[in-house]
Amino acid sequence: MAGSSSSSIQSPLRSPPRISRGLRTLSFSSFSRTRAISVRSAPVGRIGICCALSDQILPRIASSSAPVMEPTREAASRVSTVVDVNLGDRSYPIYIGPGLLDVPDLLQRHVVGKRVLVVTNTTIAPLYLERVVEALTHGNSNVSVESVILPDGEKYKNMETLMKVFDKAIESRMDRRCTFVALGGGVIGDMCGFAAATYVRGVNFIQIPTTLMAQVDSSVGGKTGINHPLAKNMIGAFYQPQCVLVDTDTLNTLPDRELASGIAEVIKYGLIRDAEFFEWQEKNMEALLARDSSALAYAIKRSCENKAEVVSLDEKESGLRATLNLGHTFGHAIEAGFGYGQWLHGEAVAAGMVMAVDMSHRLGWIDDTIVERVHNILRRAKLPISPPEMMTVELFKTAIAVDKKVADGLLRLILLKGPLGGCVFTGNYDRKALDETLLAFSKSR
Ligand SMILES: NC(=O)c1ccc[n+]([C@@H]2O[C@H](COP(=O)([O-])OP(=O)(O)OC[C@H]3O[C@@H](n4cnc5c(N)ncnc54)[C@H](O)[C@@H]3O)[C@@H](O)[C@H]2O)c1
Ligand SMILES: [Zn+2]
């Protein structure tokens, strides 16, 4: 029996053909541009100029609240790549490169007011807080920086921990002209962003992502929020940062398991809209796992380009943006069912993508080779290809019932369709295929 229909959204913007670049020759000296984003490459003497094409179609407008300043030549030369997220007056740059935490100008130009609150956690603070405070204050004695150090972990991404941010902001007499800085992975970024969106109804906000997951996904696009015990990321806001500063050197301290978790989202971009990027990953997975800096930088850049493009076209997720959630309905069910923090987000998403791929295959929408390639690449990335054993059909169904993609009682899913790199977001599928997939990947009760 076919489910009742809802609009089916084909991922419309495929990336333009790109020449695959081997590791040895990989450099940022080439220009890569798409309709909605622009990427500028080092060395750049002047940041802030986009190509004529992207200017004409979606002009890069300096953010209204950030001081419009050019970075110094020295600062600009340290940035390997800048990817712009084009959202009219909420546009912002993503700076990507090694050593960017030591370039004060990049951060300082996006600070509003004289008060800064850095939100971080007990793991990241000893590693990077001092450098960030130095970058914020270097040559700028007008600015005073406070910090709040939260407990580390997905299980603390909740209302109680969020209150600690507000407590610190109020105690420190932060007013509307202050800046919140998220220093950490996706948990800190999501929580700090939500705090910035709601504290005195919205304050200036900067993202400094320090996990691969945050650098390729969560720091970009403005989704912020916290978990509810019954459903992940259920309470939140769309709130864009003033800039995202990706210092690729921070990945040197990241545990292997966390690195692999971020790679799950990198693989996702290939599957939903960028077949060439997926093929590049098939050739370079070992280099990514070995933390080859060129390979990582390319993966971050390409992921940010894909995300920026989707977000620029559909900021509030009326359709296209939902495709970024491939595997997430099943993945979120695993995270909530197994207990937040048991499996990393990327691990749950990996198993969830395998389930979405299985269902797409049952529906006859993709051929066997895609299924095999997905299994292979996830195995090579040391990611799971099935949910934890304790997951039952019942647990999946309970979590799915409160999924944000349920509309009028109908679960819409992101499923692969056609050749590699194509997907649909749809509620128009045979329910039997969903039941069969759930049964195939979990205990029957
Ligand atoms: N907002 C979005 O669009 C979006 C997208 C994807 C994921 N997310 C959210 O992001 C969260 C997952 O993010 P995550 O994977 O970054 O997890 P995380 O924030 O929990 O970080 C993972 C671990 O790595 C540690 N860590 C961070 N940076 C480090 C570094 N440089 N060196 C050593 N340790 C470091 C953290 O303290 C933590 O223990 C989830 O809550 C997920 O829902 C949000
Ligand atoms: Zn995700």
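Coordinates for the structure precede this section.
Every value quoted in this text rests on a predicted model; they were computed, and no experiment measured them.

Quick notes on the rules
- Residues numbered from 1 in each chain as written.
- Chains lettered and ligands numbered in written order.
- Predicted model: local features only at pLDDT ≥ 70, side-chain atom pairs only at ≥ 80, totals over all residues.
- Heavy atoms only, no water.
- Helix = DSSP H or I, 4+ residues; strand = E, 2+ residues; numbered from the N terminus.
- Buried < 20%, exposed > 50% of the residue type's maximum accessible area, 1.4 Å probe, protein only.
- Contact = heavy atoms within 4.5 Å.
- Donors = N, O, S within 2.8 Å, 3.2 Å for Na, K, Ca; no water.
- Near = heavy atom within 4 Å.
- Polar contact = N/O pair within 3.5 Å; in protein donor to acceptor, adjacent residues only side chain to side chain.
- Areas by Shrake-Rupley, 256 points an atom, 1.4 Å probe, with all protein chains shown as cover.
- Salt bridge = Lys/Arg side-chain N within 4 Å of Asp/Glu carboxyl O.

Chemist: What exactly am I supposed to notice about the environment of Gly 113 here?
Modeler: You can see Gly 113 is positioned in the loop between helix H3 (104-108) and strand S5 (115-121). According to the relative accessible area criterion, Gly 113 is buried, its value standing at 16%. In the structure, Gly 113 is positioned 91 residues away from Asn 204 in sequence and 8.9 Å away in space, judged by C-alpha atoms. Setting aside residues no more than four positions away along its own chain, Gly 113 makes contact with Val 143 and Arg 177.

Chemist: Looking at this model, I keep getting lost on the coordination of the zinc ion (ligand 2). Mind explaining?
Modeler: Tetrahedral metal sites with four donors have an ideal angle of 109.5 degrees; octahedral sites with six donors have ideal angles of 90 or 180 degrees. Within the protein, the zinc ion (ligand 2) binds to Glu 265 (OE), His 328 (NE2) and His 345 (NE2); these donor distances fall in the range 1.9 to 2.1 Å. Here the donor residues of the zinc ion (ligand 2) are spaced in sequence according to E-x62-H-x16-H. Of this pair, Glu 265 sits in helix H8 (residues 256-273) while His 328 sits in helix H11 (residues 328-338), and the two are 63 residues apart along the sequence. For the pair formed by Glu 265 and His 328, the shared burial category is buried.

Chemist: I keep staring at the site of ligand 1 and nothing clicks. Help me out?
Modeler: Every one of the 27 residues lining ligand 1 counts as a neighbour, but Asp 152, Glu 154, Thr 211, Lys 232 and Thr 253 are closest to it. At 2.7 Å from a nitrogen atom of ligand 1 is found a side-chain nitrogen or oxygen belonging to Thr 210. Contact between ligand 1 and Lys 232: an oxygen atom at 2.7 Å from a side-chain N or O atom of the residue. Considering ligand 1 on its own, with 870 Å² of exposed area, one finds that the protein chains cover 91% of that surface. Breaking the shell around ligand 1 down by element, the ones donating at least two residues are helix H4 (125-137), helix H6 (186-198), helix H7 (212-218) and strand S10 (231-238).

Chemist: Is there a simple way to explain unusual backbone geometry in this structure?
Modeler: A negative phi angle characterises most non-glycine residues, just as the trans form characterises most peptide bonds. Phi at Arg 201 is positive, roughly 65 degrees, even though this residue is not glycine. You can see Arg 201 is positioned in the loop between H6 and strand S8 (204-209). Since its relative accessible area comes to 73%, Arg 201 is described here as exposed. Even without a glycine there, the phi angle at Arg 291 is positive, about 60 degrees.

Chemist: Looking at this structure, how should I read the environment of Ala 350?
Modeler: Within the secondary structure, Ala 350 is located in helix H12 (residues 345-362). The buried category is assigned to Ala 350, whose relative accessible area is 0%. In the structure, Ala 350 is positioned 89 residues away from Ser 261 in sequence and 8.3 Å away in space, judged by C-alpha atoms. Not counting the four nearest positions on each side in its chain, Ala 350 is found in contact with Ala 264, Leu 378, Leu 383 and Pro 384.

Chemist: Quick question: what am I supposed to make of the pattern of salt bridges here?
Modeler: Two side chains of opposite charge can pair, provided their charged atoms sit close to one another. Here the structure, examined in full by the defined rule, presents 26 salt bridges. A salt bridge links Arg 302 to Glu 305; its shortest N-O distance comes to 2.0 Å. Here Arg 302 and its partner Glu 305 are both found in helix H10 (residues 293-313), three residues apart, which amounts to about one turn of the helix. Owing to a relative accessible area of 2%, Arg 302 belongs among the buried residues under this scheme. Between Lys 397 and Asp 435 there is a salt bridge, with its nearest N and O atoms 3.8 Å apart. Separated by 38 residues along the polypeptide, Lys 397 in helix H14 (residues 393-401) and Asp 435 in helix H15 (residues 431-441) bring together distant segments of the chain. On the basis of relative accessible area, Lys 397 is assigned to the partly exposed category, the value being 40%.

Purely geometric stuff here, so don't read any function into it on its own.
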